[in-house]
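Working through the structure, step by step
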Amino acid sequence: MFDPVSNSVKFPDLESRILRLWKERRIYEKSLERRRGAERFVFYEGPPTANGLPHPGHCLTRAIKDLFPRYRTMRGFLCERKAGWDTHGLPVEVEVCKELGIHSKEEIEAYGVEPFIHKCIESVFRYMQQWERMTERIGFWVNLEEAYVTYHQSYIESVWWALKNLFDRGLLYQGYKIVWWWAQGGTALSSGEVGQGYREVADPSVYVKFPLLDDQGKESGTSLLVWTTTPWTLPSNQFAAVHPDLEYSLVEDAEHGGKLIIAKALVETIAAKVGRTLTVLSQMTGRMLVGQRYLPPFHYYYQSLGDKQGVGRDGDPHYIAWRVLPAEFVTTDSGTGIVHQAPAFGEVDFSVLLEEQSQFAAGEGPELICAVAPDGKFTAEAGDFQGRWVKDCDRDITRSLRHRGLLYHQEQYLHEYPFCWRAENDPLIQYPRRSWFIRTTQFQQQMLDNNRQVHWLPEHIRDGRMGNFLETNVDWALSRERYWGTPLPIWQCEQTGQQEAVASYEALRNKPGFAGTEAWTKAKAAHPELSDDLKIHKPYIDEITYDSPFAPGARMRRVPDVIDCWFDSGAMPFAQWGFPHIGAEQFGEQFPADFISEALDQTRGWFYSQLAISTLLFGDKAQGQPPLALTRSLDFPHPFKHCIVLGLMLGEDGQKMSKSKRNYREPNEIFDRYGADALRWYFFAQQPPWTTIRYSEQAIKDSIPEFLLRLWNVYAFFVIYARIDGFDPAAEAGSVEQLTTAELSQAGSYRPANLRSELDRWILSELNRCAAAVTELMDAFDNYNSAAAISEFVDALSNWYVRRSRDRFWREDQRDPDKLDGYWTLYECLLTTSKLIAPFVPFLAEAIWQNLAVAEFPKNALESVHLCDFPTGDAAAIDRDLSARMALVREIVSQGRAARVGAKMKVRQPLAKVEVILADRTHQPWLTEHVTLIADELNVKQVEFTQQADQYITYTVLPDLKRLGPRIGKRLPALQQAIGDADAAALLAKMESDGHLTLTVDGEPLRLDSQDLKVRLQARPGWAAAQGKSCVVVLSTELNDNLIAEGWAREIVHVVQTARKDINCQYTDRIAVGLDTDDANILAAMVQFADYIRSETLASELTRGPLKGVSPTETNVGAAALRTYVKVVKP
RNA sequence: GCGCGCAUAGCUCAGUUGGUUAGAGCGCCACCCUGAUAAGGUGGAGGUCCUAAGUUCGAAUCUUAGUGCGCGCACCA
């Protein structure tokens, strides 16, 4: 027996009950158990960073990550889902710093690295719990107990193994490079991280004079005009660069008093900027300027090195700096065409220096000039500016230039500039630094090849965003001079500087002379609760030393760096298992992933880091690189095959979601108000997942009545009547499991579909059509169109099948075969729908299944819908003709209603006749046999399909362009003209009689068959008619006494039904009705249709006049007053 | 500056390989139903498919250019 169903359902409450059920009965575990040994569908969880609270955008990611694994599990695959947490790196350190109210590295050091690390792990742990709660609440089934965590020792050792592999192959190297440097944080950032922090800012932009020197080293009176937006780099100026082939002009600015050299193309622009006339004195090419010496804007280095010369490779002496150099990259897009070179603060400038150095004999060339310390403050070499943050000095530097007459012009320059992605107020600077790099550029082509094999959704990511990113690949800046991260596993000989990589703690312990474990032992003794994973983190790991294999007596010490946390997450395909130290079997079984999904911002993040690491480590079988010990062959793509790239979710205001703007609602509040299913359905059904999605609370709310509640009402309807009628499938069908058609058909009263009514066969056909479509779409990762198909089916079920079936369920005879057919049909539809929606809205699906299957078959039915097989549709049950026909019926009814509205004829008033004119008469014979349905819906006595309908309509005959276009192409307009000129009715008559006709088009005959022409109908004015795409419906509005009387009767029924509702009748209550009116017509109708009124209203007594002790309902029927008395009759 | 994407009804969004009358939901207006009922349903109004040029017999759809928005990239000196 089914449990009674509340008709005022609260989805959030229902969901919490389901969550308990899943947990208590371990349904997720059982869903995997059922598929043990089956083919795998491999899913990788991109680890969320555990350093902040989740917002609705994260809910979308988790919902999509749940949808496809659930679906594939129901389709028979084994899909294990291991949770994961990204726990290292800058984000965490920054969060902890905020908490401690500190910022710089000095402050962290002063606080103490050891307690700082302890804070980091605490912070991560806290956020992980928040995320776990959201994960469970949204119904994301994932194994949280065995989550991989990037700070775990086993995980780190996997990463170490990978790094050792790269190191041993010469792919991990230390280089002196200009990096994007976070001065306050004291570390370099990867290009991926830098990319996350670009912001538009206004910087000072200065035009500075560099006075040229003559042969004697005296000022010549002419200056180079140089532009920069970073005045703070001027003290470190080393060269000025010009394009050798560019034209330059010597100009005079009379007012400012001086001769200047500017690119010819920019003279006018600069004159306009300063608002003065620049008189051109002469022209020259850049080549002619090359080699000239100038006076730099600051003397800090110049005073000691200005006259210094070095021996060039040509054997001659050359000045080592402050000369004009040729450079191809100089353009006239902006500035002056002469570029200030501070090699310490620009990658290109630095390469200019290297090039220049190569022109000198060893040790003779220019050294790098850098007046800025790693903390971003000027060094003692910058005199007055010493100790000050460089960006703060821009103003004073400009002032100094002005005082000395070197500032020619100053303005604000609006441009994008990178800031630290985690410390938003810290601008990054380019800075020379020795750091560790992975030689990814060497594998650029392989990465591109690998990427090309990935099935990206949407497709354009492949060659677009991802492809372009790979095309501009640079070596991965891996090291971070920070604290909370995977330590770089490289130990260096303190004597020779030689290095080696270590792949595990075990390997380290086996080194001769291994020592330095005291720090950890002591910490653990003082804080026994400390996680053992900290043992291989800073600062403890830094204490570990061992005997150098490179020099007797020397010790090996670890380099101090930790690594980019993106490398951590990118290593998860193997590191989640601890591969290769442990977990080789799991890795072999679960590599590569069939499916991953994250938001668009992960293109340069997790998508890239995975792809890069995998390509470098595992290569491609086809390209001959020996794969590591894997059970699967290693063809591209790996480590993932299908990737859904989610669009970013914007806040309600169209802006990026941000905590400070509060332009979104906390996920928990959404769950409490609307429920997880409502949110999920909104995600899946509102738009394809890769579109930028604007958070809309209203749309989430709407998914309840539009879908969830609509289905719930059908379900509630079924249960209400099944209980009333004692419909009890379990009494008839014994051994069931998934309640499939085959299983249900054991029941005695279950009749095969072909014996059931047209309506039953229709909805079963729709059901199977829907299931087949959803299966095909979901196999192709198309959740949007799947949801649309399901929604359409539920609409058909609710608004046509149930509505059209109601009177069957009201029949007295509980064993009426047609009634039982209805129950079986609706039961099957609901059971199958529950399975279809299970991956999408798992809570509602489960609630329905629990009642319709489990409560009814407690011993036999599978205990959760999520253990069932996904319904793929039975082709034999699909009847496309029937679908088309029923669609036509629905259109006719819809047009009939429109015609009634137009004629102001309410549906309660029966009409004698409607006439239907079809544009295409293919289905007319069938319709003729099924007119009762139409008659009933439209409340008419007779439905006629009219062929000779000229009085009602005009025909327009149109060519079927889609058919004819390819065939006759350019002749189409002439054909359209010819058809337009001809008499439509005559053409149709001809077509009707001959099956084809021939028209003269462009002087040539053209034979058309019936398929080539389409008919459009238009209702003539003057009739109560409405026209749709494929039919015109004409009402006969003439009434006779009989029709009017029946109309009265229906009015009476309406009034009585309302009264039933007013006195809160149960569905099955019998009533006594008294009607009191002076209107003879109504009285007559009451007598004439007494039986009808009684049966419609469940009235056992129908009398004229008042009922004792009952207060009447006063209504007007037409012009007459009617007093209605209703009371429940005790059985 | 370069690249990727987006632009359709008041709002949120669909629109399948180019095809005749461009759809849905919400909102609005008018109604219906009353044995799923603090539900349900029907109809209507509402659209220069961002602009312009082009390709084509035919363009919301394809091409090019432009405008606006989002995102990304970086030799922004």
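What comes next is a walk through the structure. The shown structure was predicted, so the numbers you read here are calculated from the model rather than taken from an experiment. (Residues numbered from 1 in each chain as written. Chains lettered and ligands numbered in written order. Predicted model: local features only at pLDDT ≥ 70, side-chain atom pairs only at ≥ 80, totals over all residues. Heavy atoms only, no water.)

**Some words on the layout of surface pockets**
Empty space within the second largest pocket amounts to approximately 1,700 Å³. In this structure, the second largest pocket is lined by 40 residues; those nearest its centre are Arg806, Asp807, Trp810, Gln1057 and Glu1096. Those elements giving two or more residues to the lining of the second largest pocket turn out to be helix H24 (697-725), helix H28 (783-809), helix H33 (931-938), strand S30 (940-945), helix H37 (1041-1062) and helix H39 (1090-1097). With eight residues, H37 is the single largest residue contributor to the lining of the second largest pocket. Among the residues making up the lining of the second largest pocket, the classes are represented as twelve nonpolar, nine polar and 19 charged. (1 Å grid on protein atoms, 1.4 Å probe; cavity = no way out; pocket = protein on both sides within 12 Å on 5 of 7 lines; lining within 4 Å. Points joined across faces, edges and corners; volume = space filled by probe spheres on them. Helix = DSSP H or I, 4+ residues; strand = E, 2+ residues; numbered from the N terminus. Nonpolar A, V, L, I, M, F, W, Y, C, P; charged D, E, K, R; others polar.)

**Focus: the protein's contact with RNA strand B**
Close contacts around RNA strand B come from 66 residues, with Thr229, Glu706, Arg908, Arg1016 and Tyr1067 the closest. Side-chain polar atom of Trp810 to a sugar or linking oxygen of RNA strand B: 2.5 Å apart, as the coordinates give it. At 3.4 Å, a side-chain N or O of Asp960 approaches a base oxygen of RNA strand B. Here the surface near RNA strand B gets seven residues from one element, more than from any other, and that element is H24. (Near = heavy atom within 4 Å. Polar contact = N/O pair within 3.5 Å; in protein donor to acceptor, adjacent residues only side chain to side chain.)

**What to know about helix H6 (residues 113-137)**
Its 25 residues place the ends of H6 37 Å apart at the C-alpha level, agreeing with the 36 Å of an ideal helix rising 1.5 Å per residue. A positive phi of about 85° marks Gly139, the residue just after H6. (Expected span 1.5 Å × (residues − 1).)

**With respect to the packing of helix H27 (residues 758-779) against helix H31 (residues 880-903)**
The geometry of H27 relative to H31 is characterised by a closest axis approach of 9 Å and an angle of 115° between their N-to-C directions. Viewed along their axes, H27 and H31 adopt a mutual orientation that is roughly perpendicular. Crossing angle aside, the handedness with which H27 passes H31 is left-handed. Packed against H27, whose contacting residues are Glu758, Leu759, Arg761, Trp762, Ser765, Glu766 and Arg769, the element H31 presents Arg880, Leu882, Ser883, Met886 and Arg890 at the interface. Looking at side-chain class alone, the contact of H27 with H31 contains four nonpolar, two polar and six charged residues. (Axes fitted to C-alpha atoms, helices over the stretch in contact; angles between N-to-C directions. Parallel < 35°, antiparallel > 145°, perpendicular 65-115°, else oblique. Left-handed = near helix turned anticlockwise from the far one by under 90°. Contact = heavy atoms within 4.5 Å.)

**Details of the nonpolar core**
Judged by nonpolar contacts, the single largest core of 176 residues is most densely connected at Phe718 and Tyr827. With 16 residues, the single largest contributor to this core is H24. Not counting residues within four places of it along the chain, the set of residues in contact with Phe718 comprises Phe2, Phe727, Tyr823, Leu826, Tyr827, Leu830 and Leu852. If you look at the next biggest cluster of nonpolar residues, it comprises 76 residues, including Leu234, Leu250, Ile261 and Ala263. (Core = buried A, V, L, I, M, F, W, Y, C linked by side-chain atoms within 4.5 Å. Buried < 20%, exposed > 50% of the residue type's maximum accessible area, 1.4 Å probe, protein only.)

**Remarks on the sheet that holds strand S26 (residues 640-646)**
Reading across the sheet, the three strands line up as S17-S26-S25 and stay open at both edges, with parallel pairing between neighbours. Only two strands of the sheet have a single neighbouring strand rather than two, namely strand S17 (455-457) and strand S25 (593-599). Pairwise comparison of adjacent strand axes, ignoring direction, gives a mean angle of 15° for this sheet. Examined bridge by bridge, S25 and S26 share six bridges and lie parallel to one another. Counterpart to Ser597 in the pairing with S26 is Ile644. (Pairing = 2+ DSSP bridges.)

**Side note on the packing of aromatic side chains**
What the rule picks out here adds up to 58 aromatic pairs. Judged by centre distance (5.7 Å) and plane angle (50°), the ring pair of Tyr28 and Trp141 falls under tilted. One end of the pair, Tyr28, is in helix H2 (residues 27-33); the other, Trp141, is in the loop between H6 and strand S2 (143-149), with 113 residues separating them in the sequence. Aromatic pair Phe684 and Phe840: ring centres 5.9 Å apart, planes at 80°, arrangement edge-to-face. Here Phe684, found in helix H23 (residues 676-686), pairs with Phe840, found in the loop between helix H29 (817-837) and helix H30 (842-855); they are 156 residues apart in sequence, far enough to count as distant. (Phe/Tyr/Trp six-rings, centres within 6.5 Å; stacked < 30°, edge-to-face > 60°.)

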